[in-house]
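This is what each chain is made of:
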Amino acid sequence: HLTPIVDSLDRMAEIISDTLTLAREGQVVSDPEPMALLNVVGTSWKNVRTDEATIGVEDEVTITGDRSRLRHVFENLFRNALEHGGAPVTVRVGQLGDDGIYVEDTGPGIPEDTREEVFDPGHTSASGGTGLGLTIVKRIAEAHGWQVAVVDGTEGGARFEFTDVDLAQ
């Protein structure tokens, strides 16, 4: 009888944590700092249970933002890729033009007709998901003055593109 109770408590803790994060993340970033994309991605990857998944950072670039909030962005995108792409998924992060970055995976991708609604609070296609992860991603991006869009990845998976990013090379 304890296993279902523990699972329910874990689920409640996840919902509470996501809700609190969502409430805080709408505020504009007031004190951004430069950071190596490789470092923030590496730290975020270590905070997610990745099993057999692999990560690749394609470009050495410096971005400007709130380190803590950006870790939430990458952690949520990585969890999303793993939930939908399975354990052998590969995630790639890199530079997009002169003012952007991308995060893409080799999973099944997101159908074109649902790409905008994936950012809606409560939208989930994963069993047991809170439906807040990508909402948090969008709100943090907006707090940085960034735009975010979902497109097809180079290998058919999902690709999240962030533009209006302050990049230093």
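Residues numbered from 1 in each chain as written. Predicted model: local features only at pLDDT ≥ 70, side-chain atom pairs only at ≥ 80, totals over all residues. Heavy atoms only, no water.

**Overview of helix α2 (residues 37-46)**
Phase 1: If you check which residues of α2 are buried, you get L37, V40, V41, S44 and W45. Summarising the axial view, the buried residues of α2 lie within an arc of 135 degrees, below the 170-degree limit, and thus occupy one face. (Buried < 20%, exposed > 50% of the residue type's maximum accessible area, 1.4 Å probe, protein only. Helix = DSSP H or I, 4+ residues; strand = E, 2+ residues; numbered from the N terminus. Arc of directions from axis to C-beta.)

**Some remarks on empty space enclosed by the protein**
Phase 1: Across all of its chains, the model carries one cavity of 30 Å³ or more by this definition.
Phase 2: Residue lining of the largest cavity: L77, A81, V103, E104, D105, A158 and F160, and that is the complete set.
Phase 3: Only α3 (67-85), β5 (100-105) and β7 (158-163) provide two or more residues apiece to the lining of the largest cavity.
Phase 4: Tallying contributions element by element places β5 first for the lining of the largest cavity, with three residues.
Phase 5: Grouping the constituent residues of the lining of the largest cavity by class yields five nonpolar, no polar and two charged. (1 Å grid on protein atoms, 1.4 Å probe; cavity = no way out; pocket = protein on both sides within 12 Å on 5 of 7 lines; lining within 4 Å. Points joined across faces, edges and corners; volume = space filled by probe spheres on them. Nonpolar A, V, L, I, M, F, W, Y, C, P; charged D, E, K, R; others polar.)

Keep in mind that these numbers describe shape and distance, not what the molecule does.
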